[in-house]
Amino acid sequence: MAERSVLVTGGSGGLGGAVTSTFLAAGWRVVVPERQGRPGSEPAADDLVRLIADLSDPAGAARAVEAATDDPAAPLRAVVNLVGGYASGGLVHETPVDEFERMLTVNLRPTYLVTQAALPHLVAAGGGAVVCVSARAAVAPFPGAAGYVTAKAAVLAFANAVAVEYRSRNVRCNTVLPSIIDTPANRAAQPAADHSRWVSPAEIAPVVHFLASADSAPTSGASVPVYGRA
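The following refers to the structure shown. For clarity, every value in this text was computed on a predicted model and none was experimentally measured. (Residues numbered from 1 in each chain as written. Predicted model: local features only at pLDDT ≥ 70, side-chain atom pairs only at ≥ 80, totals over all residues. Heavy atoms only, no water.)

1. A closer look at the overall build of the protein chain
- When you go through the protein chain residue by residue, the secondary structure sums to seven helices and seven strands.
- Ordered by position from N to C terminus, the α and β elements of the protein chain give β-α-β-β-α-β-α-α-β-α-β-α-α-β.
- The C-alpha atoms of the protein chain give a radius of gyration of 17 Å, which matches the 17 Å a tight globule of 230 residues would have.
- Principal-axis analysis of the C-alpha atoms gives the protein chain an extent of 50 × 35 × 35 Å.
- Looking at the protein chain as a whole, 44% of its 230 residues qualify as buried.
- Considering only residue pairs separated by 6 or more positions, the protein chain has 68% of its internal contacts joining residues 24 or more positions apart.
- Of the roughly 10700 Å² of accessible surface on the protein chain, 55% is carried by carbon and sulfur atoms. (Helix = DSSP H or I, 4+ residues; strand = E, 2+ residues; numbered from the N terminus. Rg over C-alpha atoms; globule rule 2.2 N^0.38 Å. Buried < 20%, exposed > 50% of the residue type's maximum accessible area, 1.4 Å probe, protein only. Contact = heavy atoms within 4.5 Å. Areas by Shrake-Rupley, 256 points an atom, 1.4 Å probe, with all protein chains shown as cover.)

2. Quick word on helix α4 (residues 109-124)
- Over its 16 residues, α4 extends 24 Å from the first C-alpha to the last, a length consistent with the 22 Å expected when each residue adds 1.5 Å.
- Where α4 bends most, at A118, the angle is about 35°, and the proline P120 comes one to four residues later.
- Residues of α4 that are buried: P110, T111, L113, V114, T115, A118, L119 and L122.
- Where α4 ends, the next residue or the one after it, G126, has phi of about 95°, a positive value. (Expected span 1.5 Å × (residues − 1). Bend = angle between axes of the 7 residues up to and from the residue.)

3. Considerations on the state of the cysteines
- Applying the stated rule across the entire model yields zero disulfides.
- Cysteine C132 shares no disulfide, and the gap to the nearest cysteine sulfur, in C173, comes to 4.2 Å.
- Its relative accessible area of 1% is what places C173 among the buried residues. (Disulfide = S-S within 2.5 Å.)

4. A few points about the sheet that holds strand β3 (residues 48-52)
- Taken together, seven strands build an open sheet; the order of strands is β3-β2-β1-β4-β5-β6-β7 and the sheet is parallel. Either end of the sheet is taken by a strand with one partner, and the two such strands are β3 and β7 (223-226). For this sheet the average axis-to-axis angle between neighbouring strands, irrespective of direction, equals 20°.
- On the sheet, helix α1 (residues 16-25) packs against β1 (5-9), β2 (29-34), β3 and β4 (76-81) and is oriented at approximately 160° with respect to β2.
- Running at roughly 165° to strand β6 (residues 171-178), helix α7 (residues 201-212) makes contact with β4, β5 (128-133), β6 and β7 of the sheet. (Pairing = 2+ DSSP bridges. Axes fitted to C-alpha atoms, helices over the stretch in contact; angles between N-to-C directions.)

5. Concerning the pattern of salt bridges
- By the definition in use, this model includes five salt bridges.
- In this structure, a network of salt bridges that share partners links the residues R29, D70 and D71. (Salt bridge = Lys/Arg side-chain N within 4 Å of Asp/Glu carboxyl O.)

Here it is, written out as structure tokens:
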């Protein structure tokens, strides 16, 4: 039986399946919230708990955290925030504010709400870890995606704020910054790209697990690049 739980948001996505499998293989109880109607890519396992929850809604985020904390034998010790999305557009003066704000809603809001709901439980359990996913674009912007760039930079800033605020309560918060992740969706969007230079979910997942585990106990407030050769 698993002795600790991790809440993995976005566990049904291209990166989420690899992250979920990695935690299950390491003996964690893994809780994966997903939107209704989305098929999961993660494997079936006794220690895998799936539920329907809208993580952009405070009630949905609270429901996901409740599921991750309802097994006293496996207290919540980590939260992995993978939920996010990408959209390109024109330059800033060509981008409607609604499109700009949508990127904040997709990338920042679920990370904030889930982390906010989980922090009291992590503190009560004696500590734990939060891992967020930003992007290389947060530190190396490119044109035509101001909303995405801003949202991922906000995720990075938020994670650093959590690291500072909860350091004395034994809760760590770190961030991984991928380049282009080698997923079927990204390959379909960029069929002519050199996919061999992209970073794979299988390469990122162990880094996420390391940051969530006790092996990285001295580390908080780190921004870890996972660029592959891109």
